[in-house]
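Residues per chain, in single letters:
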Amino acid sequence: MDQKTVAYDSKVEGEVIVTQADAVINWIRKNSVWPMPMGLACCAIELMAAGGSRFDMARFGMEVMRFSPRQADCMIVAGTVTYKMAEVVRRIYEQMAEPKWVVAMGACASTGGMYRSYATMQGVDRIVPVDVYVSGCPPRPEALLDAMIKLQDKIGRESAVKNLTARKANGATPAPEMAGVGKDS
């Protein structure tokens, strides 16, 4: 590919703006995140509060909560993930369109929290790749908004064109293996 520098000249290009494809694609993606709420426990109440008028996630371009995985690109896992629900969470993640991101909201979704039992998964990152963790039990809506802004920053730093060509060559993003989840013992 030719590496020459292209500069904007208003006299030549008129109303045309010259930029990089990564900058345009990332700007569009980070300002139009469509989250899918995966409310599994008490953190879901705080997630609902973040969508309300007092905290207003719409200010950041993520007001469109989608309840269909095919229309969402960000899964917010809010609450305790049990092994019984793990297979469902993984299936919904796999049904989401690429590119997709995951936010683990709360101590239980991130590490299992106070539950150290045979029924509780010790972190949702064992079944889906997590991009941003939100600490707290339960975290306040402001913490979720901060996490979503961090997710927007992460999306803005991605190499969109490189990822598009890599996905086309390799298929979808690999998720962690689900060792022992959903199998009868």
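Our structure's up above, just so we're on the same page.
Starting from 1, residues in each chain are numbered consecutively following that chain's sequence as written. Totals for whole chains, interfaces and linings use every residue, but because this is a predicted model, local features are given only for residues with pLDDT of at least 70 and side-chain atom pairs only at 80 or more, for both listing and counting. Think of the side-chain values as coming from all heavy atoms in the structure, minus any hydrogens and water.

Observations concerning the nonpolar core
And then number 1: Here, nonpolar core means buried Ala, Val, Leu, Ile, Met, Phe, Trp, Tyr and Cys residues that are tied together by side-chain atoms lying within 4.5 Å of each other. The buried label applies to any residue whose accessible area, calculated with a 1.4 Å probe on protein chains only, is under 20% of its type's maximum; exposed applies above 50%, and partly exposed to all values in between. Grouped together as the largest cluster of nonpolar side chains are 21 residues, with contacts concentrated most on Cys74, Ile76, Val103, Met105, Leu144, Met148 and Leu151.
And then number 2: Helix and strand definitions follow DSSP, with helices as H or I runs of at least four residues and strands as E runs of at least two, each counted in order from the N terminus. Within the residue set of this core, elements represented by two or more residues are α3 (43–51), β2 (74–78), β3 (101–105), β4 (132–134) and α6 (141–157).
And then number 3: Contact definition: two residues touch when any of their heavy atoms are within 4.5 Å. Setting aside residues up to four positions removed in sequence, Leu151 forms contacts with Cys74, Trp101, Val103, Asp131 and Val132.
And then number 4: Among the nonpolar cores identified, the runner-up in size contains 19 residues, and Tyr93, Met121, Ile127 and Val128 belong to it.

A closer look at the pairing of β2
And then number 1: Counting buried positions over the five residues of β2 gives five, a clear majority of the element.
And then number 2: Burial of β2 is two-sided: the residues Cys74, Ile76 and Ala78 facing one way and the residues Met75 and Val77 facing the other way are all buried.
And then number 3: Where strand β1 (residues 35–39) lies against β2, five bridges are found, and the strand directions are parallel. Within β2, the residue paired with Met38 across the bridge is Val77.
And then number 4: Seen with the strands pointing away from the viewer, any crossover whose path from the first strand over the helix to the second strand runs clockwise is right-handed. Handedness of the crossover is the feature at issue here: the chain leaves β1, passes through α3, returns alongside β2, and the resulting connection is left-handed.
And then number 5: Pairing analysis gives five bridges linking β2 to β3, with the strands arranged parallel. Residue pairing in the sheet places Cys74 in a bridge with Trp101 of β3. Any two strands with at least two DSSP bridges between them are considered paired.

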